[in-house]
Amino acid sequence: MSKFGSLDISWIQGFPRDNVEFVSSNTVCYACGAHICFLHLETERRSVFQSPGSGVGALTTDCRSGTFAFSERDLNPSIYVYNFPQLELKNELKGNTPLDYTSLTLSDGGPFLVSCSSLPDYSITLWNWEKAELICVQPQAGRDVIHLAFNPMNCFQLCALGTTTLTVWNIERCGSFHLLKPRAIQLPEIPDSSSEKPTLTSTKDPNCISQILAALSEPTAARVTPSTICWTATSHLCVGCAEGYVLLVDPESLSVSALVDPNAADAIPELKNFYFQSLAIYSDGLVAVGKESVMHCLQTKGTQISITQTWELERPVSTAVVSPNNSTVLLFTNTGQFYVLNAKKSNQIEKVLDILSGDFLTAALFSDKNICVSLRDSGVLQLWSSNGTYLTSLSLEAEVTNITCSPIAHYAALGTASGKILFVDLNYEKQLRLVHQVYLYHTAVDHLVFDQEGRYLFCSGLDSHVFVIDGRPSAKFSVVGYVEVPGRILSLSTQCASRGEDVKVLALCASQEEKKDEGSLLLIFFLPFKGLGGFFTVERNGCLNIPRVTRLKVQVPLTSCILGVGEAFGYCHRKKSLQRFQFPEDSFGFISKKRVQLTPKDEVNIQLPGRATLLLSPDSMLLASVGRQGILQIRPTSSMELCCELRCHSRRLGGIRSVSFSTDSHTVVTTGADDGSLLCSKIKIEDAIMSSFKNHEIRAQSLRTSFISENPSLINLPSLIQETPVSGEKSEETELSPTASVDVTEEDEHDLPPASNPTWLEKRDTEIDKEDEINYAEQKKNIRETMKELREIVQKMMLENETLPIKMFNLDVEEQKRMDARVEEAAQKVKAEIEQGILEKQYQRDVLKRECWDCFLIKPRSINAFHSKLAVQNYPLKARTEKELEDIRRVQNMRMIEKSAGKLIGLKKSSSEPEEDHMEESADSVGLAALLAQANTYLYDQFSMQTVEQRINQIILLQDLIYGIRMAFNSDFEALFKRKLKEIKLVVDMNKNIRDIMLELAIKQTLWEPSLTDMEWPERLFIVEDSEIKAEKYLTPEQKAEEERLRLEREARLAAHKDDSRERALNDMMGGVLEVKKVDILKVEIYPPDFSLTKPPIQWSEDEKKAFKEYEKNVRDLNEEKELYKRGLEFEMKKLQEIIKESTDKFDESLTKLFEKKLKFTAAIYQEELKISYLAESVHTIEAMNHQERELKLKLEQLLAQKVNTEKDLSGYKDTVEQFEFEYENIVAEDKNLDKEFRKEFADLPKFLIDQLYKQFKRRPRVQRLRGLSMDAANIFKPQRLNVPAPDGLSQILAAMEEMDAPENMPKGLTLPFWERFCVVRKTKVESEQKIKVHALELAEMQAFLQRRIDEDNAAQEEIKQHFEDLRSLRSRRDQYLMDPMIQVVLPQGQVETSTLDLTAEKAETDFILLDRKVVDEVKEKIMRVAEQKITYMEAHGAVRKEIIQLEWEHRVLDKKIEDLHEKKKEIKMLRLSKEDLEYLSMKDPKAHELDKISKLEKSIAFMKRTHKRAIHRRMKKVKQINKKISMVGESSSGIQKDLPEMQASVAELRHIYEASATEANEAAEREERYLEIVQRRNLRDLARAKSDELDLLRKEVERLERRNFPSLDQLKYS
């Protein structure tokens, strides 16, 4: 903040775009723009917390620790953690996220915070917010994460909800190292949602892999879409889905079960089409809300789930949140309503807050109470009190752009997107009224501004008109007029220093050459305060005649400019500076077109991104500047130094949209561009500066005077109901009745023409026309009569002037030329458009012809039969490209080299042999192509293609073969087509002769005239005949001149031929021909004599009779000759027809043969194409295998790299665990050392005191242990309790030890200093024991962590081995696939025999062996012969077999006897003999040996007797000595017996004292002694068992040595 003043937030309103969270049991918080709002649900009081950063992003809370955390909206954002309600910063977390955080979550009572960032890293980060440490990061793990939630029962577990996924993250730690391990949950599939499996298709392109990969891919079934999650008290997850499922997930075993299945037969009807938007555990049930306006409470009974209660809601709820104490449910809607349900108090849902959704467009303050009126983008007008309380609203049902409030009455003027100005009465807070509206523009209203005294309202739009409206309600808001401005208006401001002075208006305009948001033209004009008059007049069309207009121009364009007192303030974005302009004294003169250059007087550098907005306070003492950075800056106009600033809105969301001052200039209200917030702030400035602001009292007094006179007029205005046209100046007014919602959409139509919805200006022009029509009616009548007379005179003159030359009528030659030029220009434009259309069509025709016709080397054509419907088509072929030809030459050269190499190495049959060697084989690759003599000598054998390159080469060769087959057929086709042309020509000639004959014979008959169809002659489709064109042909002047020239030449030529005497003589003598035509005998007639016509036969003379007889004879001869000639003609005609029929029939036969030939060619082509398909599929399969191999290699490399990193990490983990184990052993050793050093520490005390102190040293107080929570297995929706953190065990023990350290527990005879020293030693011992326990737990956790990492390392090793095995298997399958090609075999029909087994789909790929049928028959005959021989052999073999079995049985009996004898022999040989037995058996004289032995035994017996006597003598002496000692001990024991009663009494007293003081210690000592005895006994038993085992081993060793030293004879034999 600046030192001159400050800006304090008064209140804020807005719509929470993100989540709403409980921060305590009765307080919720939500983000509102760049602030956080706290709402107390019971008192409904709100407080505002300003974000220290740039805006508020993701928000989360932890009620157990009383903290909340949020991220800022900025580049490289930070996360701030605060406590509640102190609102103190705990820590700021700064990570590596470049853009934004999408989700945050705090662990319940733990130190962990997890964040999820947006692009580009999408990382999930684990923080320790207490130490502000970044613990670990998982990059690219939060790509689709929309929500994070910690397990409230386990702070080391959280769930990440994605758009289509669900992942449980476990936090594992090893000392100070933490690790996030994900476990993805497999969501169930939706029934009947799997797609059909795609079929495998092949292509001729051998390099195409995408199709085969797509065909090999398996179809994926659709899975449920998770929409919300909720943790239960049993650490299970409830997942709500968009399809209506509710799933219960066990995060440990990852098992998923469906609690609610909408597709089940017993599904709940209310939940079949329910879209779960939010779930929450509340009141022993599961609260569920969806897109419907209901809320259900679900409970489980065993395995059944049911709806226990349903609440009806006003509107759909998007989020349900339960308070920490499980007493309140907060419901939140997307439209901005908060509802609360407290089932303990009431079963009714109450509304606690109603905030409309949508962004605030603008806001303004009015009246002395600083009441705020705001405008939302939905067209809703809202009223707010001075403390931010919602008062009322009015829905305008229209798109509104801006708003401003009048300083002289309680009303607001609103501009709409349709160009209307609406006036709303704000006097009644509970009922707002629309009292007036005026239609000014066809476009949106951009600016609305009142002058400081409220006299005028100025508005502007996209056009160059600034309309002036009387702002007084008493004048009924009449339109004064408009002012023309030179360009588009960027800003509009006014200045009225005091009441009665002229109102100054400043408009910043942009020319057409300048940018959209910059302008350098300033237009200043004046309006009289008292109204128009004198020099200020209004024209009939509404234009204002203003004598005082000033045009100024600044050097650098401005984005905003505001008018002050004798000066102006502007912001230049190019210079990033705020400028003050001082107007020259002579600049405000009368109107002038001259532009005055204006230079800034003062300039202050500020950084405002984008288009900035400046606003001057009503008293012209403060200057506010806002922009996209979201900071409001206040400066005094006197110095332009920064007084105070406040970050009001988020920069990432567009910053500040609008700003407005209150009438007293002490309050300012701002609206955000896209954050949906409205902020009201108080301005506090030091008294030294405020002293210059006291001059606004005079203005306030004048405004109060105007308010007293104008506000009653506003109240008396009626509300508008419908549009009622009135005359005069009120023609633009409309009236509406009182209503809470005003529909102005009918008037807001943007597409209506001006005639149907005219503006004020258009109405004004219409009224002027009507007035002129009335005023000038008589003059118009006279003019019409005069015009009629003139028309008659002109007509007469035109008749007279028909004989005069045209040039005499060109009174204005220049105008005539201009008109001709315009006509010619229009004609040329139309002509150019027509020519352009023709060119486009020609280009389209050329492209289509080039791509669909010209590209064919052999055009598609067909030949139709003459007397049938048979039609044979050729094979259309395109010209082969250079690349195809080059590939063919390359493959042919390669095959030639392979063939040559095969011959050199002397191979009889190689893979490079020509196909002509295989033409005799039925399984050859050429097939029908070989039969048609079109075999390609370069083709591979089908059994020899073992590489991809060979198969690709084979495809190229087969394509060349197909091309050759088609070319061969096309050559035959062309020959037959030419023959048909000849046949048609022959038929035409024959028909010509037949017609001549028919003409002579006078026969009228239609002859059959063959012709070519369009399919036979397609070229003529491109020829357009003149008869096909129906429109008249347009001829250019040049074409007309050319036709005229040709016509004149033709006429001249005809005129020259008229005087040709040669042609005239030829016509006169020979009829114009040089040859004499043959006489047509059929037309020859013999006319009868004349007398036969004039006289009857009786009167004929003899000569006449002879002449008549001659006539009759001639007639008979002529008729006979005619008959003969006619018969000859008929015969000739029939012969010609027979020739035509025979010729056409032969052609049809040839066409039929060609058709049969095409069938064979087509079969051959299809066969080769089938080969190509098989080859292409094999190539695709191999390419897919290669692609899979590359993927496996890449995965293997990643696994190996990961394995290296894992081994490094594992080595570090092992070192850490070993170090910690060493520390733990040291702590244990130190603890044992404390036990050993205890007696040394108190060696100066008596022994019995030391024993008592040691017993107390070992005593420990009993500590109350917390029992585990008992869960009801029947109801998994038990509410979660806010558990208080368990106290530390050491603190509990130390607190209990303080009672034991009291002096009352001190043993008798011990002094206080020794007791205090003892207490210190015991406390040290207790702390050491607790330290050992803590370290033992931590060591166990670290060892478990290490074991998991070892298991993961082993699993990774197994995965690497599996990948190696998969890679090896893939390569093996690929090699096998290459070595096992698919062969195409063509077999004659009926010559194939297969097994009679069921050839179903499972056996479709069974392998078969192809053999010749003769071979099969021979094998069958051989089998029959062999079978007969086998039967004979088996019959002969039967008897022999019986004898063999008998002999085998006897032989087996003898073998058993032999085995028994061998066993007995072996036992005898293995008989064990001692040394004496061996010596005895080896002696020659056994009796002498026995005598010697007897003598030795007698001597030994005598020696033993002597020794026995000496021993008896010694023992007698020892007995005497013992008797003496017994007598002495008896004398001493008699004295002790006398003292025994006294000693027993003292012992009893000591035992009583001991038992009273150290019972527990004795028990502990006894337990310790018993434990030591048990341990000692167990050790002795183990020792005895070990010794016994050792003795057994020794015995076995002895036996082994004996056997080695004294082997048996049998062993020696077989060794």
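Right, let's walk through the structure included here. Note that the structure is predicted; figures quoted are calculated from it, not measured.

Notes on a positive patch on the surface
A grouping of Arg 1506, Arg 1510, Arg 1514, Arg 1515 and Lys 1518 is seen on the molecular surface, where their side chains present a positively charged patch. Note on placement: Lys 1518 falls in helix H19 (residues 1486-1557). By relative accessible area, which is 55% here, Lys 1518 ends up exposed.

Points about the state of the cysteines
Tallied over the entire structure, the rule returns 0 disulfides. Considering cysteine sulfurs only, Cys 63 is the nearest to Cys 29, which forms no disulfide, with 8.5 Å between them. The class for Cys 29 is buried, based on a relative accessible area of 0%. Between Cys 405, a cysteine without a disulfide, and Cys 372, which holds the nearest cysteine sulfur, the sulfur-to-sulfur distance is 8.2 Å. Cys 405 gets classed as buried once you look at its relative accessible area, which sits at 12%.

Observations regarding the nonpolar core
Phe 338, Leu 632 and Ile 634 are the most contacted members of the largest nonpolar core, which totals 35 residues. The contact partners of Ile 634, leaving out residues within four places of it in the chain, are Leu 7, Leu 622, Leu 623, Ala 624, Glu 641, Leu 642, Cys 643, Cys 644, Phe 661 and Ile 683.

Some details on the sheet that holds strand E25 (residues 304-312)
Pairing is antiparallel across the open sheet formed by 4 strands, whose spatial order is E22-E23-E24-E25. With one partner strand each, in any of the chains shown, strand E22 (276-282) and E25 form the two edges of the open sheet. Strand-to-strand twist of the sheet, defined as the mean angle between neighbouring strand axes without regard to direction, takes the value 25°. Judged from the 6 bridges that link them, E22 and strand E23 (residues 285-290) form a sheet pairing that is antiparallel.

Let's talk about the sheet that holds strand E11 (residues 112-117)
If you trace the 4 strands from one edge of the open sheet to the other, you get E10-E11-E12-E13, paired in antiparallel fashion. The outermost strands of the open sheet, each flanked by one partner alone, are strand E10 (101-106) and strand E13 (133-138). Going across the sheet, the axis of each strand differs from the next one's by a mean of 20°, ignoring polarity. With 5 bridges joining them, E11 and strand E12 (residues 124-128) adopt antiparallel strand pairing. Note on E12: the bridge partner recorded for Ser 115 is Thr 125.

Description of a negative patch on the surface
A cluster of acidic side chains, namely Asp 1455, Glu 1459, Asp 1460, Glu 1463 and Glu 1467, defines a negative patch on the protein surface. The topology assignment puts Glu 1467 in helix H17 (residues 1413-1469). Given a relative accessible area of 58%, Glu 1467 falls into the exposed group.

Some words on the packing of helix H13 (residues 1102-1241) against helix H14 (residues 1247-1258)
At a minimum axis distance of 10 Å, the contact between H13 and H14 shows a crossing angle of 155°. Judged by the angle between their axes, H13 and H14 are roughly antiparallel. Handedness of the crossing formed by H13 with H14: right-handed. Facing H13, whose interface residues are Leu 1234, Asp 1235, Phe 1238 and Arg 1239, H14 presents Ile 1250, Asp 1251, Leu 1253, Tyr 1254, Phe 1257 and Lys 1258. Class assignment for the residues of the contact of H13 with H14 results in 6 nonpolar, no polar and 4 charged.

About the cut-offs
- Residues numbered from 1 in each chain as written.
- Predicted model: local features only at pLDDT ≥ 70, side-chain atom pairs only at ≥ 80, totals over all residues.
- Heavy atoms only, no water.
- Patch = residues over 30% accessible without salt bridge, like charges linked within 9 Å, V, L, I, M, F, W, Y side chains within 5 Å.
- Areas by Shrake-Rupley, 256 points an atom, 1.4 Å probe, with all protein chains shown as cover.
- Salt bridge = Lys/Arg side-chain N within 4 Å of Asp/Glu carboxyl O.
- Lys, Arg positive; Asp, Glu negative; His and termini not counted.
- Charge placed at Lys NZ, Arg CZ, Asp CG, Glu CD.
- Helix = DSSP H or I, 4+ residues; strand = E, 2+ residues; numbered from the N terminus.
- Buried < 20%, exposed > 50% of the residue type's maximum accessible area, 1.4 Å probe, protein only.
- Disulfide = S-S within 2.5 Å.
- Core = buried A, V, L, I, M, F, W, Y, C linked by side-chain atoms within 4.5 Å.
- Contact = heavy atoms within 4.5 Å.
- Pairing = 2+ DSSP bridges.
- Axes fitted to C-alpha atoms, helices over the stretch in contact; angles between N-to-C directions.
- Parallel < 35°, antiparallel > 145°, perpendicular 65-115°, else oblique.
- Left-handed = near helix turned anticlockwise from the far one by under 90°.
- Nonpolar A, V, L, I, M, F, W, Y, C, P; charged D, E, K, R; others polar.

Interpretation note: all reported values are geometric properties and have no functional meaning in isolation.
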